[in-house]
Amino acid sequence: MRLEDVDALFLDAQTTATTPTAGRILELAWSRGIEGPVEGAVVRGPADEIIPSRILKLTGLEPADLTLAVAEEAVFARLHAVVEALPRPLAVVHFARFEAPFLDEIWRRHTAARNHPLTMICTHAISRRIFPDLPSRSIRAIAGYYGLGVDAAKRAASHVHATRHIWCALCKELAEKHSVTTVEGLTQWLKDGKPHKGANRVKPMRRFQVERDVRLALPDAPGVYRMLGPGGRILYVGKATSLKARVNTYFRPSQKHASDKLEMLTQVQKIEVTPCETALEAALLETDLIKLHAPPYNVALKTGDRRLSHFDHELRPAVVETSYRYGPFSGEDPFAALRVIELALTLPVAAPELIPTLFFRDVEPSVATEGLALFMAVWPTSRVPTLRALLAQGVREVRTLVARMDSTPEEEEETGVDANDDAMLGDTVHVVTPEEVATRLVRLIHHAARLWIRVGALNQLSSSTIVWRMPGERLHRYLVLKGGAVIATGFAVDEGDFPSAPAKAACNWTVQTYDRVRVLWSELARIRRQGGVVSVITG
C-alpha cells in the first residue's frame, strides 16, 4: 500500500498553553484518510476560565465560537470512536511532539490508559529531513511551498486540511527521491536521519527559491515590490526607496527575521517590482495595492474589519450623512479615554473604579484617587471639565510642544508616545504610583489631541496641491489630490509651473482613502525630517 493511501487519522489540536500542565485543548479537529470529512469542535473549558487574549488572537476564535463549544467528553467520544475503527492506530500530525502530551492527557482523563494509543507520523520531521535548508518548516510555510495557502488564524480544521495536502506532497517526494513507500520504511528513514549523540550539528545555509542573480538585477530606484508564491499568489506587498537594496535584505542567509517572515520567504518563488519616481509615490501605490490584493503576510494598511468614525459638535458619534461633523478617525472612539477622565473629574468618588481601566496593570484605589488629585493640580481645566475642554487644552499643549521642538504636527505625531504604550506592560511586579497615574492621564489627552490635529491635516490634504523638493534636487515635484484621489503628478522648475490647487471637494472617506492620505501625511513628515522642503497649497 502506498504511503498516501494509508488509512490514518489526520489530526490537529489548538491549545490554551504550550503544555498540558499549563493549559488544555481548546479546539480539536481530525479526519480519517485523505478524502474523509473533517470533524471537530471547539472544546468547552471551565466556567471561570479566562482564555489568554494572545491565544484568542492567534486562533481567531470569537465569542460566538466559544458559546458553541462542546464538552470535552463529547468531543473525545467522537474522536475515540474514529481511532477504534482504524485498522492500525496511525495518526499524521504536522508537529506531533506538540500534540502528543495533550492527547496523552485527554486519554488519561477519559479512559483507563496512561497514554494515547496512536503511532504518530510527524510531517514536520519529514519536512525537516527533506528540506533542511528551507527558512521555515511550519505548517503554513510547507503548505504554501506546495501551493496551498493557509489562513493566519490557527484553526484546527484548516490545519487538518493543510496536513493532508502536505502529506500527499511529501509522500511523492519520499517515493521519487528517497525510495520510501511504506510506513516501516519511513520510520527507518527518519531514524537513520537523526544525528548521532555527540555529533556536531551544522546548521545549513538557508535556501531561497528566488535566484540571487534575479534579485541583484532589480533596479536601484524607489518603487513597490510584490512577493509571489506558487501559482502567482501575491504573498506580500512592500515599498522601498531602493528596490534592489530592500528586497535583498530579505534573502541574506544570516538575516534575522520573525517567524512569519520566514514562513513567507519559504513560499516566495518570484519578485515583481513597479519602479516609481519617488519614495512618496511608492508609498501611495503600496497602500492601494495592499487594498486591492489583501496579501496574507501584510498586516498594516489592510482593510479587514476596520472602520472609520465621525463625531458631531459635542464629540458624540455621528453618521456619515451628518452635515456637520469631525473626522475621519480610525477606529470606533478615539476619545474613549477622555470620556473616562471627564467622568472621573466630574465624580472623583468614582476614580478608584474608573482610573484602572486606563492601565494594563492593577491600580490601588488610593493610588487612583491620589493620582487624579495630582493631575488636577497640574492640569489647567475649567470649573466644568468637559471632554471638549480637555481636548482643547490638549491641542494647545501639543502645539506648544511642537513649536518648542521646531517640528511639525505630523512629525510630533510620528515620533510621539502612543497612547497604548504603557511602561509597565510586561512588568509583573511593578506597582503603579500616583505620579504615574497623573502622567498617564496627560499622555492620553495629548494623544487624543494629536489625533485631532491629524484629522485637520488629512482633510486639508485631501484636496490640495503638494509641492516638495528633496535636498540636492533642482526640480520641484508636485502631486494634486481631489477628494482624496491623486489626479496629477509632475515636475516644476518654479512657482509658475505648479498647478493651482483644486477647488475644495467633499471627500468620500473610505478606509482606502483614509490610508492613502494618512500615508501621504507621514511621507511629507519624512521629507521634512530629511531636510526637504514641502508646501501644501489649498483652494
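Please refer to the structure placed before this passage.
Computed from a prediction, not measured in an experiment: that's the story for all the values here.

Visitor: For this particular structure, what's the right way to read the pairing of strand E13 (residues 476–482)?
Guide: Here is the key point about a regular strand: its side chains alternate between the two faces of the sheet. Extensive coverage of E13 is indicated by the burial of six of its seven residues. As paired strands, strand E12 (residues 464–469) and E13 are joined by five bridges and run antiparallel to one another. Bridging across to E13, Thr465 finds its partner in Val480. In this structure, the hairpin formed by E12 and E13 is closed by a connection of six residues, where Gly472 is found at a positive phi of approximately 90°. Two strands pair when backbone bridges link them, and E13 and strand E14 (residues 485–492) are joined in this way by seven bridges, in the antiparallel orientation. Bridge pairing links His476 to Ala492 in E14. Between E13 and the antiparallel strand that follows it, E14, lie two residues; Gly483 among them carries a positive phi value of about 60°.

Visitor: Mind showing me how you'd approach the pattern of salt bridges here?
Guide: Pairing is possible between side chains of opposite charge, provided their charged atoms come close. Scanning the model with the defined rule gives 22 salt bridges in all. Arg109 is the salt-bridge partner of Glu72, the closest N and O atoms lying 2.7 Å from each other. On the criterion of sequence distance, the pair formed by Glu72 in helix H3 (residues 72–85) and Arg109 in helix H4 (residues 96–110) is long-range, its members being 37 residues apart. What makes Glu72 buried here is its relative accessible area of 12%. Among the ionic pairs, Glu263 bridges to Arg140, the shortest N-O distance being 3.6 Å.

Visitor: Help me understand a nonpolar patch on the surface, please; the structure alone is not making it clear to me.
Guide: A grouping of Leu343, Leu347 and Val349 is seen on the molecular surface, where their side chains present a nonpolar patch of about 290 Å² in accessible area. Among the structural elements, Val349 can be located in the loop between helix H13 (336–346) and helix H14 (351–354). Overall, Val349 belongs to the exposed group, its relative accessible area being 73%.

Visitor: Quick question: what am I supposed to make of the sheet that holds E12 here?
Guide: Hydrogen bonds along the backbone pair up the strands of a sheet, which may run parallel or antiparallel. The strand order across the open sheet formed by four strands is E14-E13-E12-E15, and the pairing between neighbours is antiparallel. Single-partner strands in this sheet number two, and they are E14 and strand E15 (533–538). Taken over all neighbouring pairs, the strand axes of this sheet differ in orientation by 15° on average, direction set aside. Most of the contacts of helix H19 (residues 511–529) go to E15, to which it runs at about 140°, and overall it touches E12, E13, E14 and E15.

Visitor: Got a minute to help me understand the packing of helix H12 (residues 279–293) against H19 in this structure?
Guide: Helix packing for two helices is described by the angle between their axes and how far apart those axes are. In contact at an axis separation of 9 Å, H12 and H19 are set at 155° when each is read in the N-to-C sense. When the axes of H12 and H19 are compared, the pair comes out roughly antiparallel. Considering only the axes of H12 and H19, their crossing is right-handed. Every residue of H19 that contacts H12 at Ala279, Leu280, Ala283, Leu284, Thr287, Asp288 and Lys291 is listed here: Val511, Gln512, Asp515, Arg516, Val519, Leu520, Glu523, Leu524, Arg526 and Ile527. Residue composition of the contact of H12 with H19, grouped by class: nine nonpolar, two polar and six charged.

Visitor: Could you clarify how one ought to interpret the side chain of Thr59 in this entry?
Guide: Turning to its location among the elements, Thr59 is positioned in helix H1 (residues 53–59). At 3.4 Å, the side chain of Thr59 forms a polar contact with the backbone oxygen of Leu56. If sequence neighbours within four positions are ignored, Thr59 has contacts with Gln14, Leu26, Ala153, Lys154 and Arg155.

Visitor: How should I be thinking about the nonpolar core in this particular structure?
Guide: The nonpolar side chains of soluble globular proteins are, as a tendency, buried together. By size, the foremost hydrophobic cluster in this structure holds 41 residues, and its most contacted members are Ile341 and Phe375. Of all the elements in the fold, those that place two or more residues in this core are strand E11 (326–330), H13, H14, helix H15 (365–378), helix H16 (387–404) and helix H18 (434–461). Among the elements that make up this core, the one with the highest residue count is H18 (eleven residues). Discounting residues that sit within four places of it in the chain, Ile341 has contacts with Leu358, Phe375, Leu390, Leu441, Leu444 and Ile445. Judged by nonpolar contacts, the second largest core, of 31 residues, contains Val92, Ile126, Ile142 and Tyr146.

Visitor: Looking at this model, I keep getting lost on the sheet that holds strand E5 (residues 119–122). Mind explaining?
Guide: With mixed pairing, the five strands of this open sheet are ordered in space as E3-E2-E1-E4-E5. Strand pairing shows two members of the sheet lacking a second neighbour, strand E3 (39–42) and E5, which therefore form its edges. Along the sheet, successive strands turn relative to each other by an average axial angle of 25°, direction set aside. Note: strand E1 (residues 9–15) against strand E4 (residues 90–93), two bridges, orientation parallel. Note that in E4 the partner of Phe10 across the bridge is Val92. The sheet strands contacting H3 are E1, strand E2 (25–32) and E3, and the helix crosses E2 at an angle near 30°.

Thresholds, definitions, all that
Residues numbered from 1 in each chain as written. Predicted model: local features only at pLDDT ≥ 70, side-chain atom pairs only at ≥ 80, totals over all residues. Heavy atoms only, no water. Buried < 20%, exposed > 50% of the residue type's maximum accessible area, 1.4 Å probe, protein only. Helix = DSSP H or I, 4+ residues; strand = E, 2+ residues; numbered from the N terminus. Pairing = 2+ DSSP bridges. Salt bridge = Lys/Arg side-chain N within 4 Å of Asp/Glu carboxyl O. Patch = residues over 30% accessible without salt bridge, like charges linked within 9 Å, V, L, I, M, F, W, Y side chains within 5 Å. Areas by Shrake-Rupley, 256 points an atom, 1.4 Å probe, with all protein chains shown as cover. Axes fitted to C-alpha atoms, helices over the stretch in contact; angles between N-to-C directions. Contact = heavy atoms within 4.5 Å. Parallel < 35°, antiparallel > 145°, perpendicular 65-115°, else oblique. Left-handed = near helix turned anticlockwise from the far one by under 90°. Nonpolar A, V, L, I, M, F, W, Y, C, P; charged D, E, K, R; others polar. Polar contact = N/O pair within 3.5 Å; in protein donor to acceptor, adjacent residues only side chain to side chain. Core = buried A, V, L, I, M, F, W, Y, C linked by side-chain atoms within 4.5 Å.

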